[in-house]
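Structural overview for review
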Amino acid sequence: MRLSKGSISLKEAYGQAMAVTAPLGSVVSTSTAAILYAGYSVVFTTLLALLGSALWIFTLTRYTSKLASAGGFYTYGYSAWRSKKISFFEALIEAFAYSFLNAVNAITAYLIISISLGIFGISLTPIEEGIIIFLAILYPTIISLSHIKFVLGKIVSISATAEAVLLIVMFAFSLTKGFHFNYMTPGNVPAHDLATAFVLSMVSISGAGAATYLGEEVKHPTKTVTLGMWLSLLIGGTAMFLGTYALIALWNGPLSALACSPQPLIYEMYSFGVLPLLIALVMSINSLFASNIGTTLGAARIIFNLSREKSAPAIFSKVNKSHEPVIATIFVGSITGLVTALSVIFLGINIAFADISAITGILWLSGRIIDGFGVPVFYYRIGQLGLVSTIIPLIATGLNLWGVTESISVPDIASIVILTSTMAVLIGWYLIKGRKGNPGSLVVDDNNEVIPIDEYLKKLKEKSVTT
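Just so it is clear, the model here is predicted, and its values are computed rather than measured. (Residues numbered from 1 in each chain as written. Predicted model: local features only at pLDDT ≥ 70, side-chain atom pairs only at ≥ 80, totals over all residues. Heavy atoms only, no water.)

Some remarks on the overall build of the protein chain
Counted only if it meets this: Only DSSP runs of H or I covering at least 4 residues are called helices, and only runs of E covering at least 2 are called strands; the numbering of each starts at the N terminus. Only the C-alpha atoms count toward the radius of gyration. The rule for a globule is 2.2 Å times the residue count to the power 0.38. A simple rule labels every residue: compare its accessible area, found with a 1.4 Å probe on the protein chains alone, to the largest value its type can have, and call it buried under 20%, exposed over 50%, or partly exposed in between. The criterion used for residue contact is that any of the two residues' heavy atoms lie within 4.5 Å. Computed with the Shrake-Rupley method and a 1.4 Å probe, the accessible areas treat only the protein chains shown as cover for residues. In this charge count, Lys and Arg are treated as positive and Asp and Glu as negative; neither His nor the chain ends contribute. By convention, charge coordinates are those of NZ in Lys, CZ in Arg, CG in Asp, or CD in Glu.
The number of helices and strands found in the protein chain is 18 helices and 2 strands. The C-alpha radius of gyration computed for the protein chain amounts to 21 Å, which stays within 12% of the reference 23 Å derived for 467 residues, consistent with globular compactness. Dimensions of the protein chain along its principal axes, counting C-alpha atoms only, are 65 × 45 × 45 Å. Buried positions account for 59% of the 467 residues belonging to the protein chain. In the protein chain, of all internal contacts separated by at least 6 residues, the share reaching a separation of at least 24 is 85%. Of the accessible surface of the protein chain, which amounts to about 17,200 Å², a share of 71% is contributed by carbon and sulfur atoms. Side chains of the protein chain carry 27 positive and 22 negative charges; the gap between the two charge centres is 11 Å.

Pasting the structure below:
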């Protein structure tokens, strides 16, 4: 029932944060989806998301500088609100949001391959489509069962940095066509569509917060996790913004046609030759896979930690020889596979991509609202409430709240079915198992030892009084 105690460093924390940020994968996935709503103003919404993410990461570091846990966000929620219900539902909303994001990325991998082959007149059969999506789910699940130091240090951190470099190079090349300041404005896009595009981009850039799940495994957790997130936001978030600008600026056709293009980056790279196309194709797929590795690692640790806290079946706390939560990881991959299969079969690829993307953003930001408003409460509990720990978290959370409320529209039948089914599973899980446990009750100290949160918070408060 223990993960690999204190076995990784800043490199791996940065890798985990960059994996879910996935700058190149975000440009070909969430940015492309956001274009459907905001057109060229997606550059403005991405800039807004970058600023909002900086506020959010600062808000998150108010927790990570004090607390560490394999449960991540939902443990922070419990530290503030001291409610098992809030903590439990935040945990599963987060885990399901990550599983849904995996589905979006798997569909995106298929779309990228299909469109690239279509340029050369090659079409895929339904069986081949299914195989591609299946492999896009299977690979991240299987690789996530390897030792986390190998996965994040040898695979993810290097490739994620390389994709950030590619986006920055694209931006530099786009400047040869001049700088378009009007892309930095909201234009005439309705607030509702701007909010939806903002939510999509915010989910990707704020993925740096996925490093919070490494608390049990990273050395000096309250310092290293915080540094990993800021480093990822600086490199990955900036690269995503610059890459999104380049995506718009390098578009050769009319901007009205950009929103109708399923994968504009692929067409843009092909205009420079086959080799640039192949580079973009391989790196984009690798970025999507890396993102799914990061989200699978995070979601599996949520389920694993819930199991240790008696809020999930005991089997989910089983680990393999690499100290990876094996059953929880397979469970996350299975949820991703089920969501992907049902949505694609009943909705088709394009509608499934758009609907699941929007639902993912709303689920993810909903959890962030709980945590953001909880920062002042948490600091009050430990006797360290101040102006900074109050104002900035409230601003960041207000921005998230605006994105969620403005982006909510009358859902189609598919979205209603997905959301109600998800909530039914969550409520059923809580009634059967969750309410009997203590979700959010375990944290780790600076020596990576798992201890009760009440004991840890008592020490924090005593330290504050002494200071």
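Describing the nonpolar core
The following threshold applies: Only buried Ala, Val, Leu, Ile, Met, Phe, Trp, Tyr and Cys residues count toward a nonpolar core, and they belong to the same one when joined by side-chain atoms within 4.5 Å.
Residues Val43, Tyr98, Phe100, Leu306 and Phe378 are the most contacted members of the largest nonpolar core, which totals 142 residues. Top contributing element to this core by residue count: helix α6 (residues 84-119), with 18 residues. Leave out the neighbours within four places in its chain, and Phe100 touches Val339, Ile356, Ile359, Thr360, Leu363, Ile418 and Thr422.

A few points about the packing of helix α1 (residues 10-21) against helix α8 (residues 148-174)
Put simply, the test is: A fitted line through C-alpha atoms represents every axis, and for helices the fit uses only the stretch in contact; the resulting angles, taken between N-to-C directions, go from 0 to 180 degrees. By definition in this entry, angles of less than 35 degrees are roughly parallel, angles greater than 145 are roughly antiparallel, angles of 65 to 115 are roughly perpendicular, and the rest are oblique. The crossing is said to be left-handed when, going from far helix to near helix, the turn is anticlockwise and less than a right angle, and right-handed when the turn is clockwise. Gly falls in the polar group here, along with every residue not listed as nonpolar (Ala, Val, Leu, Ile, Met, Phe, Trp, Tyr, Cys, Pro) or charged (Asp, Glu, Lys, Arg).
Two numbers describe how α1 lies on α8: the axes approach to 8 Å, and their chain directions differ by 60 degrees. Judged by the inter-axis angle, α1 sits oblique to α8. Relative to α8, α1 is oriented so that their crossing is left-handed. Contact residues: α1 offers Lys11, Glu12, Tyr14, Gly15, Gln16, Met18 and Ala19, while α8 offers Ile148, Lys149, Leu152, Gly153, Val156, Ser157, Ala160, Thr161 and Ala164. Looking at the contact of α1 with α8 residue by residue, the classes come out as 8 nonpolar, 5 polar and 3 charged.

Focus on the side chain of Ser7
Rule in force here: Under this definition, polar contacts are N or O atom pairs within 3.5 Å; protein pairs additionally need one hydrogen-donor-capable and one acceptor-capable atom, and for neighbouring residues in sequence, both atoms have to be side-chain atoms.
Along the chain, Ser7 turns up in the segment before α1. One polar contact links Ser7 to Ser4, side chain to side chain, over a distance of 2.8 Å. If sequence neighbours within four positions are ignored, Ser7 has contacts with His147, Ile148, Lys149 and Glu217.

Here we look at unusual backbone geometry
Unusually for a residue other than glycine, Ala22 sits at a positive phi of about 40 degrees. A relative accessible area of 5% means that Ala22 is categorised as buried. Located in the positive-phi region is Arg82, a residue other than glycine, with phi close to 55 degrees.

Considerations on helix α7 (residues 126-143)
Selection criterion: Here a helix's expected span is defined as the number of its residues, less one, multiplied by 1.5 Å.
The terminal C-alpha atoms of α7, which comprises 18 residues, lie 26 Å apart, in line with the 26 Å expected from a rise of 1.5 Å per residue. Buried residues belonging to α7 abut α6, α8, α13 (274-308), α14 (326-347) and α15 (349-381).

Some points on the packing of aromatic side chains
To keep it simple, the criterion reads: Any two rings among Phe, Tyr and Trp, with Trp reduced to its six-membered ring, count as a pair given centres within 6.5 Å; such a pair is stacked if its planes are under 30 degrees apart, edge-to-face if over 60, and tilted if neither. By definition here, charges over rings are those cases where NZ of Lys or CZ of Arg is within 6 Å of the ring centre and within 35 degrees of the ring normal.
Here the structure, examined in full by the defined rule, presents 23 aromatic pairs. Taking 5.6 Å as the distance between ring centres and 45 degrees as the angle between the ring planes, the aromatic pair formed by Tyr40 and Tyr183 counts as tilted. With Tyr40 in the loop between α3 (30-38) and α4 (42-64) and Tyr183 in the loop between α8 and α9 (191-205), this residue pair connects regions lying 143 residues apart in the sequence. Three or more aromatic residues link up through ring pairs in this structure, and these residues are Trp56, Tyr63, Phe73, Tyr76, Tyr98, Tyr213, Phe378 and Tyr379. Positioned above the aromatic ring of Phe58, the side-chain terminus of Arg62 is 4.3 Å from the ring centre.

A closer look at the packing of α14 against α15
Contact pair α14 / α15: the axes reach a minimum separation of 7 Å and the direction vectors enclose 130 degrees. Of the possible angle classes, the one that applies to α14 and α15 is oblique. Of the two possible hands of crossing, α14 and α15 adopt the one that is right-handed. The residues of α15 that touch α14, namely those facing Val339, Ser343, Val344 and Leu347, are Ile349, Ile351, Ala352, Asp355 and Ile356.

Overview of the confidence of the model for the protein chain
For any part of a model where pLDDT is low, the fine detail of the predicted coordinates should not be relied upon. What counts is decided by this rule: The pLDDT score gives, residue by residue, the confidence of the prediction method on a 0 to 100 scale.
Counting all residues, the mean pLDDT for the protein chain is 90, and 98% of those residues have values of 70 or more. Between the elements of the protein chain, mean pLDDT differs from a low of 71, seen in helix α11 (residues 255-258), to a high of 96, seen in strand β1 (residues 442-444).

Topic: the pattern of salt bridges
Basically, it comes down to this: Here a salt bridge means any side-chain nitrogen of Lys or Arg lying within 4 Å of a carboxyl oxygen belonging to Asp or Glu.
Applying the stated criterion to the full structure yields 12 salt bridges. We note a salt bridge from Glu455 to Lys459, for which the minimum N-O separation is 3.7 Å. Separated by 4 residues within a single helix, Glu455 and Lys459 lie in helix α18 (residues 453-466), roughly one turn from each other. Using a relative accessible area of 37% as the deciding quantity, one classes Glu455 as partly exposed. Here Lys459 falls in the partly exposed class, since its relative accessible area comes to 47%.

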